[in-house]
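Coordinates in review
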Amino acid sequence: MQFGIFSVGDITRNPVTGEEPTDASRLQDVLTIAQHAEEVGLDVFAMGEHHNPPFMPSSPVAINSWLAAKTEKLILSTATTLITTNDPVRIAEEYAMLQHLSGGRMDLTLGRGNTGPVYPWFGEDIRQGIPLALEKYALLRRLWREEYVDWSGQFRTPLQGFQSTPRPLGGVPPFVWHGSIRSPEIAEQAAYYGDGFFSNHIFWPAEHTAKMIGYYRQRFEHYGHGTAAQAIVGLGGQVFMRKNSQDAVDEFRPYFNEAPVYGNGPSLEDFTAQTPLTVGSPQQVIDRTLGFREYAGDYQRQLWLMDHAGLPLKTVLEQLDILGGEVVPVLREEFAKNRPAGVPDAPTHENLKAAAAAAALVEKAAEKSADDVELMEVGS
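Residues numbered from 1 in each chain as written. Predicted model: local features only at pLDDT ≥ 70, side-chain atom pairs only at ≥ 80, totals over all residues. Heavy atoms only, no water.

1. What to know about the packing of helix 3 (residues 88-101) against helix 5 (residues 129-145)
Note the following rule: Every angle, taken between N-to-C directions, lies between 0 and 180 degrees, and every axis is a line fitted to C-alpha atoms, over only the stretch in contact when it is a helix. Put simply, DSSP marks the helices as runs of H or I at least four residues long and the strands as runs of E at least two long, and each gets a number from the N terminus on. Here the word oblique covers every angle except those under 35 degrees (roughly parallel), over 145 (roughly antiparallel) and from 65 to 115 (roughly perpendicular). Note on convention: the crossing is left-handed when the near helix lies turned anticlockwise from the far helix by less than a right angle, right-handed when the turn is clockwise. The contact rule is simple, with two residues in contact once any of their heavy atoms fall within 4.5 Å.
Interaxial distance between helix 3 and helix 5 falls to 9 Å at its minimum, and their mutual angle equals 45 degrees. The angle between the axes of helix 3 and helix 5 places the two elements in the oblique class. Remark: the crossing between helix 3 and helix 5 carries right-handed chirality. Taking contact as the criterion, the partners of Pro88, Val89, Ile91, Ala92, Tyr95 and Ala96 in helix 3 are, on helix 5, Lys136, Leu139, Leu140, Leu143 and Trp144.

Structure (structure tokens):
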């Protein structure tokens, strides 16, 4: 499994000190947090894309490109890339470029976005959210897999003999996760192509997430990509930890109460009971996370949201120290126990490249066999 963190880059006033970060200071904090994630032994950092306050990261490609130069092992991803309001030609070029810059240490999560006003800002209609996601991704796949593309559709001008540049690193396109909280159409899309499905279930109860992942696994098998257990699943989550659980609750409560994503809603106690948010000791986080497997099955990627709600940088770095030092090592060991042999590893550029090479050998052998049969028939 891969373990890591994701950031939505919210600019939120610290409810304890009253301080509010600037765009510049928040960006620098995000870069520090991502680098520290690698230092404590995490595998993945995923940057969100937002074009509206109170969020800062309008360009995850720029942020991840900078991080590619400053890290060595960290997989750089997104949370999410807005397939609906971005041009697939631009996505194809930018993320192929990032793939080269990072030496293959990247993938991306595609999503529709849930902020209505963003759509018209980029010339789109939110009522067409699902059709936009389906059509634009169909084009994106072709741009990465075909050298020259002729294409026409509903939502952009046609292409004639278009070649996206640079070509994917080593001829292997970036791995794509389709992120959704509530849309079965996106789970269907992920299953149809044999891509990954990332269920960021930070606001929903386990029962809902279980239905979405179960549907994706069923359809993955239906389309012939493997068994349901071999489908590629990622999960989101939120944690806040201290050695003593009550200390964690007391410290986190003011941040929870004023957070832009769930402030002034359910109480902290109700929210932690009804969603995967875990506020407590490292052992409580371990136990809660291991429990995800009961309804998600054996999965490949676990990401947590940790740098939000106005939490100061020092606190976030302390959280990462606990996560990397006390929580993730235990989770790696426990998740590996009794993991069926047929469950695939988390996708990386290297294992995708190896799979592509193996498939090419099989195809070449099949072609040779067909040629041999033809020669035998001619000879007889």
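2. Overview of the side chain of lysine 136
Defined as follows: Counted as a polar contact is a pair of N or O atoms within 3.5 Å, where, for protein atoms, one must be capable of donating a hydrogen and the other of accepting one, and residues adjacent in sequence contribute only when both atoms are in side chains.
Along the chain, lysine 136 falls in helix 5. A distance of 3.1 Å separates a polar side-chain atom of lysine 136 from the backbone oxygen of asparagine 86. At a separation of 3.2 Å, a polar atom in the side chain of lysine 136 contacts the side chain of glutamate 124. When sequence neighbours within four positions are dropped, the list of residues in contact with lysine 136 reads Ile83, Thr84, Thr85, Asn86, Pro88 and Glu124.

3. Quick look at the packing of helix 1 (residues 23-39) against helix 12 (residues 313-336)
The contact between helix 1 and helix 12 brings their axes to 10 Å, and the two run at 15 degrees. In terms of axis orientation, helix 1 runs roughly parallel to helix 12. Helix 1 and helix 12 meet at a crossing whose hand is right-handed. Counted together, Asp29, Thr32, Ile33, His36 and Ala37 of helix 1 and Leu313, Val316, Leu317, Leu320 and Asp321 of helix 12 form the full contact between these two elements.

4. What to know about the pattern of salt bridges
We count it as follows: In the sections that follow, a salt bridge refers to a side-chain nitrogen of Lys or Arg positioned within 4 Å of a carboxyl oxygen of Asp or Glu. The rule is simple: take the accessible area with a 1.4 Å probe, protein chains only, and divide by the maximum for that residue type; under 20% is buried, over 50% is exposed, in between is partly exposed.
Scanning the model with the defined rule gives 21 salt bridges in all. The shortest N-O distance in the salt bridge between aspartate 107 and arginine 301 comes to 2.7 Å. With aspartate 107 in the loop between helix 3 and strand 5 (108-111) and arginine 301 in strand 13 (residues 301-305), this residue pair connects regions lying 194 residues apart in the sequence. Like aspartate 107, the residue arginine 301 is buried in the burial classification. Salt-bridge contacts for lysine 353 lead to glutamate 350; the nearest nitrogen and oxygen are separated by 3.6 Å. Here the residue lysine 353 and the residue glutamate 350 both occupy positions in helix 13 (residues 349-379), the gap between them amounting to three residues, near one helical turn. With a relative accessible area of 35%, lysine 353 lands in the partly exposed category.

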